[in-house]
Amino acid sequence: MPRYELPALPYAYDALEPWCPAETLELHHSKHHAAYVKGANTSADALANLPEGEDPHRVQGLRSALTFNLAGHVLHSLFWESMAPEPAKPSGDLETAVTNQFGGHKQLNDQLTAACMGVHGSGWGVLSVDPCTGQLEVGAFEDHHHLIVPGVKALAVIDVWEHAYYLSYRNDREGWVTKVLEHLDWAGISNRYTASANR
Ligand SMILES: [Fe+2]
């Protein structure tokens, strides 16, 4: 029984067309996300079966591989949940927080777009809750696991690795980000926001 498993998408591969073609979504989920799951399991299995007295450099290499692949698995799982074919509108406490902290969704989206466009190479735009203050924050993760504040609770993520958009959008990362922002599922984001406040 593998430790980590590829989750089913919460919608069909063609459910986000035309802005996210089925071919892109299927490749992204069944190949790219699946590869992170496989990598996480392979690394975790190797760590669990180390011979006594193993070279500590090899151990740390395996831990680094596990971190990279497991972060990729966790972030992709959240990415699928961050979007919906017919996304819910913002409401409730989260809507109030967006208004109070950012001035509104236009301003929040501008910040998320800037965070995505500012990623050097591959990474993610992130809407999160600051673990110390409970405030909403906009930021970015580079690769899968750099620039992350320990304990941060990610509410929604936007994949800006080229595999997410290059088949259709070529080098137009901002065009891709704009479409994802239009399809953020605020019901799920709100549920994660509420859960973070109750902990
Ligand atoms: Fe991805």
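Keep in mind that this is a model prediction, so the values were computed, not measured.

Undergrad: Even after reading the chapter, I still don't get the overall build of the protein chain, so can you show me in this structure?
TA: Summing up its helical and strand segments, the protein chain has seven helices and three strands in all. Reading the protein chain from its N terminus to its C terminus gives the helix and strand order α-α-α-α-β-β-β-α-α-α. The C-alpha radius of gyration computed for the protein chain amounts to 18 Å, which stays within 12% of the reference 16 Å derived for 199 residues, consistent with globular compactness. Counting every position in the protein chain, which comprises 199 residues, the buried fraction comes to 44%.

Undergrad: Would you mind going over the confidence of the model for the protein chain with me for this structure?
TA: Detail in the predicted coordinates should be disregarded across regions flagged by low pLDDT. The share of residues in the protein chain with pLDDT of 70 or more is 98%, and the mean pLDDT across the chain is 95. Here helix 7 (residues 186-197) stands out as the element of the protein chain with the lowest mean pLDDT, 93, in contrast to helix 6 (residues 173-182), whose mean of 98 is the highest.

Undergrad: Would you mind showing me how to read the environment of valine 157 here?
TA: Tracing the sequence through the fold places valine 157 in strand 3 (residues 153-159). Its relative accessible area of 0% is what places valine 157 among the buried residues. When the C-alpha atoms of valine 157 and histidine 183 are compared, they prove to be 12 Å apart, with 26 residues separating the residues in sequence. Other than its neighbours up to four places away in sequence, valine 157 contacts Leu75, Leu78, Phe79, Ser82, Trp124, Gly125 and Val126.

Undergrad: What am I meant to see in the coordination of the iron ion here?
TA: Ideal donor angles around a metal are set by the shape: a four-donor tetrahedron calls for 109.5 degrees, a six-donor octahedron for 90 or 180 degrees. Around the iron ion, the protein contributes the donor atoms His28 (NE2), His76 (NE2), Asp159 (OD) and His163 (NE2), which lie 1.9 to 2.1 Å from the metal centre. With four donor atoms in place around the iron ion and angles of 87 to 127° between them, the coordination shape is tetrahedral. Going along the chain, you hit the donors of the iron ion in the pattern H-x47-H-x82-D-x3-H. Of this pair, histidine 76 sits in helix 2 (residues 56-82) while histidine 163 sits in the loop between strand 3 and helix 5 (166-169), placing them 87 residues apart in sequence. Look at histidine 76 and you get buried, because its relative accessible area is 0%. For histidine 163, a relative accessible area of 19% translates into the label buried.

Undergrad: Even after reading the chapter, I still don't get the pairing of strand 2 (residues 136-142), so can you show me in this structure?
TA: Looking down a regular strand, the side chains alternate between one sheet face and the other. As defined by bridge partners, strand 1 (residues 123-129) adjoins strand 2 across seven bridges and the pair is classed as antiparallel. For valine 126, the partnering residue across the bridge sits in strand 2 and is glycine 139. Linking two consecutive strands that pair antiparallel, namely strand 1 and strand 2, is a turn of six residues; a positive phi of about 80° is found at glycine 134 within it.

Undergrad: Is there a simple way to explain unusual backbone geometry in this structure?
TA: Most peptide bonds take the trans configuration, and most residues that are not glycine carry a negative phi. Of note, the bond from glutamate 17 into proline 18 is cis; its omega dihedral lies within 30 degrees of zero at 5°. With respect to the element layout, proline 18 can be found in the segment before helix 1 (22-48). Positive phi, normally seen in glycine, also occurs at aspartate 143, with a value near 55°. Structurally, the position occupied by aspartate 143 is in the loop between strand 2 and strand 3.

Undergrad: Please clarify how the sheet that holds strand 1 should be interpreted in this entry.
TA: Consider a sheet: its strands pair through backbone hydrogen bonds, and that pairing is either parallel or antiparallel. Spatially, 2-1-3 is the arrangement adopted by the three strands of the open sheet, whose pairing is antiparallel. Here the strands that pair on one side only, and so sit at the sheet edges, are strand 2 and strand 3. Neighbour-to-neighbour, the strand axes of this sheet turn through a mean angle of 25°, independent of strand direction. Here strand 1 runs beside strand 3; their pairing, made up of six bridges, is antiparallel. Each residue of the ladder has a partner; that of tryptophan 124, found in strand 3, is aspartate 159. The strands touched by helix 4 (residues 105-117) within the sheet are strand 1, strand 2 and strand 3, with strand 2 carrying the most contacts at an inclination of about 15°.

Undergrad: Can you walk me through the side chain of histidine 183 in this structure?
TA: Relative to the elements of secondary structure, histidine 183 occurs in the loop between helix 6 and helix 7. Of the polar contacts made by the side chain of histidine 183, one reaches the backbone oxygen of lysine 179; its length is 2.8 Å. If we skip the residues at most four places from it in the chain, histidine 183 touches Trp19, Ser82, Met83, Ala84, Pro85 and Pro87.

Analysis parameters
Residues numbered from 1 in each chain as written. Predicted model: local features only at pLDDT ≥ 70, side-chain atom pairs only at ≥ 80, totals over all residues. Heavy atoms only, no water. Helix = DSSP H or I, 4+ residues; strand = E, 2+ residues; numbered from the N terminus. Rg over C-alpha atoms; globule rule 2.2 N^0.38 Å. Buried < 20%, exposed > 50% of the residue type's maximum accessible area, 1.4 Å probe, protein only. pLDDT = per-residue confidence, 0-100. Contact = heavy atoms within 4.5 Å. Donors = N, O, S within 2.8 Å, 3.2 Å for Na, K, Ca; no water. Tetrahedral: all angles 85-135°; square planar, octahedral: opposite > 155°, others 65-115°. Pairing = 2+ DSSP bridges. Axes fitted to C-alpha atoms, helices over the stretch in contact; angles between N-to-C directions. Polar contact = N/O pair within 3.5 Å; in protein donor to acceptor, adjacent residues only side chain to side chain.

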